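# Close look at the chain arrangement
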Amino acid sequence: MTGTAIVTGGARGLGRAYCLALSDAGFRVVVSDLLDGQSVAYEIAQAGGEAIYVTADISSAEDNVALASAAADAFGSIDVLINNAAYFSETTRGPFFEVPEMEWDRTFEVNVRGVWLSCSAVYPYMREQGSGKIINIASNTCFKGTVGFPHYVASKSAVIGLTRCLAQELGPDGITVNTVSPDLIPDPSLRPADSTSDEFVVAGRALKRTQVPEDMIGTILYLASSGADFVTGQNILVNGGAHYH
Ligand SMILES: NC(=O)c1ccc[n+]([C@@H]2O[C@H](COP(=O)([O-])OP(=O)(O)OC[C@H]3O[C@@H](n4cnc5c(N)ncnc54)[C@H](O)[C@@H]3O)[C@@H](O)[C@H]2O)c1
């Protein structure tokens, strides 16, 4: 595979895994995050790939425009956008009526408005090319209505709706827009509660094991490839058979 892929939230966690995998597959990678993602770009370069790091807050229109422009300036095209950044690990859990209003707003600002803004920023480049693949990350939580963080679940459900709208609108431009929804992929260093929840989650899956970042890679690379040229508006659950839709 060739081309340029932008990964938002690429500095750590699943985003980092997507950056490394896309580079291994042949993409030039733009690692973007609020956090410093320089080390991920360096790791890719050390392995013989091409990558740049661009700092951006995806809830900011200006940052998204600057990110798209930096990607096109560095590599000449924008072929894939992975909307992975999210207000997630920092989300507090509790009864729905106790979600702080500011946290509700920030969740939607990053997880929904951020995805809309980053799609808007890359669109002129993809339209000009007559091609592009946008992959939005939602969550399996949308399909089970996980209790404890309704703002997050509602925001990810909005991403699935936004994906469908954009698939319809951008199809005539040759751009595909899809969603991938992981189940719980524990990171106890960031989210200690993951460790205790995982046992319960694993028990509810057809495939009885902990989900790991590598489980996401095949689906991400598939949707970024020409093999998925006729696939758009879809949501692929990568969840070990926890839920079906
Ligand atoms: N890990 C899971 O269990 C799981 C399950 C379902 C869905 N997801 C989704 O997968 C994606 C990655 O999850 P993760 O586990 O790697 O989480 P994470 O918290 O480790 O990574 C999120 C990344 O997004 C970045 N980010 C946050 N706000 C940003 C902003 N405004 N602008 C730019 N970057 C920003 C963070 O700095 C971080 O690097 C998220 O969209 C998350 O909702 C994760």
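Our subject is the structure listed above.
Notes on the structure follow. (Residues numbered from 1 in each chain as written. Predicted model: local features only at pLDDT ≥ 70, side-chain atom pairs only at ≥ 80, totals over all residues.)

## With respect to the site of the ligand
Note the following rule: Residue proximity rests on one test: whether the C-beta atom, placed from the backbone, lies within 6 Å of the molecule or strand. Here a strand is any run of E in DSSP of at least two residues, a helix any run of H or I of at least four, and the numbering for each starts at the N terminus. Under the convention adopted here, Pro, Cys and the residues Ala, Val, Leu, Ile, Met, Phe, Trp and Tyr are nonpolar, Asp, Glu, Lys and Arg are charged, and Gly plus all remaining residues are polar.
The ligand sits among 29 residues. The nearest are Gly9, Gly13, Ala85, Ala86 and Ser89. Counting residues per element, the ones that place at least two in the shell around the ligand are helix 1 (13-24) and helix 4 (101-129). Of all the elements, helix 1 adds the most residues to the shell around the ligand, at three residues. By residue class, the composition of the shell around the ligand is 16 nonpolar, nine polar and four charged.

## Some details on the sheet that holds strand 1 (residues 4-8)
Applicable threshold: Any two strands are treated as partners once DSSP identifies two or more bridges connecting them. Each axis is a line fitted through C-alpha atoms, and for a helix only the stretch in contact is used; angles between axes span 0 to 180 degrees, taken between their N-to-C directions.
One open sheet accounts for seven strands, arranged 3-2-1-4-5-6-7; its pairing is parallel. The open sheet has two edge strands with one neighbour each: strand 3 (51-55) and strand 7 (235-238). Averaged over all neighbouring strand pairs, the angle between strand axes comes to 20°, with direction disregarded. As judged from the five bridges shared by strand 2 (residues 28-33) and strand 3, these two strands associate in the parallel manner. Along strand 3, the bridge assignment pairs aspartate 33 with threonine 55.

## Focus: helix 6 (residues 150-170)
Spelled out, the test is: Between the first and last residue of a helix there are one fewer steps than residues, each counted as 1.5 Å, and that sum is the expected span. Buried means a residue has 20 or more other C-beta atoms within 10 Å of its own C-beta, exposed means 12 or fewer, and partly exposed covers the counts in between; C-beta atoms are placed from the backbone. Each residue gets a C-beta atom placed from its backbone, and two residues are in contact if those atoms lie within 7 Å.
Taking 1.5 Å of rise per residue, the 21 residues of helix 6 would be expected to cover 30 Å, and the 30 Å separating its terminal C-alpha atoms lies within 8% of that figure. When helix 6 is considered as a whole, its buried residues turn out to be His151, Tyr152, Val153, Ser155, Lys156, Val159, Leu162, Thr163, Leu166 and Leu170. Each element contacted by the buried residues of helix 6 is listed here: helix 4, strand 5 (132-137), helix 5 (141-144), strand 6 (175-182) and strand 7.

## What about the pairing of strand 2?
Put simply, the test is: With strands facing away from the observer, any crossover in which the path from the first strand over the helix to the second runs clockwise is taken as right-handed.
The buried fraction of strand 2 amounts to six of the six residues, a majority that puts the element mostly inside the structure. Of the two faces of strand 2, the one carrying Arg28, Val30 and Ser32 and the one carrying Val29, Val31 and Asp33 are both buried. Where strand 1 and strand 2 come together, five bridges link them in parallel fashion. Within strand 2, the position partnered with alanine 5 by the bridge is valine 29. With helix 1 bridging strand 1 and its parallel neighbour strand 2, the resulting β-α-β unit is right-handed. In the classification by handedness, the crossover that spans strand 2, the intervening helix 2 (residues 38-46) and the parallel strand 3 is right-handed.

## Quick notes on the nonpolar core
Here is the rule we go by: By our criterion, buried Ala, Val, Leu, Ile, Met, Phe, Trp, Tyr and Cys residues that link up through C-beta atoms within 7 Å make up a nonpolar core.
Membership of the largest hydrophobic core comes to 66 residues, with the highest contact counts inside it found for Ile6, Cys19, Val29 and Val31. When near neighbours in sequence (up to four residues on either side) are disregarded, valine 31 contacts Val7, Gly10, Ala11, Cys19, Gly37, Val40, Ala41, Ala51 and Tyr53.

## Things to note about the environment of alanine 85
Structurally, alanine 85 can be placed in the loop between strand 4 (80-83) and helix 4. A count of 26 C-beta atoms within 10 Å places alanine 85 in the buried class. Put simply, alanine 85 and tryptophan 104 are 19 residues apart on the chain and 16 Å apart in space, counted from C-alpha to C-alpha. Ignoring anything within four residues of it in the chain, the contact list for alanine 85 reads Thr8, Gly9, Gly15, Asp33, Ile58, Val110 and Gly114.

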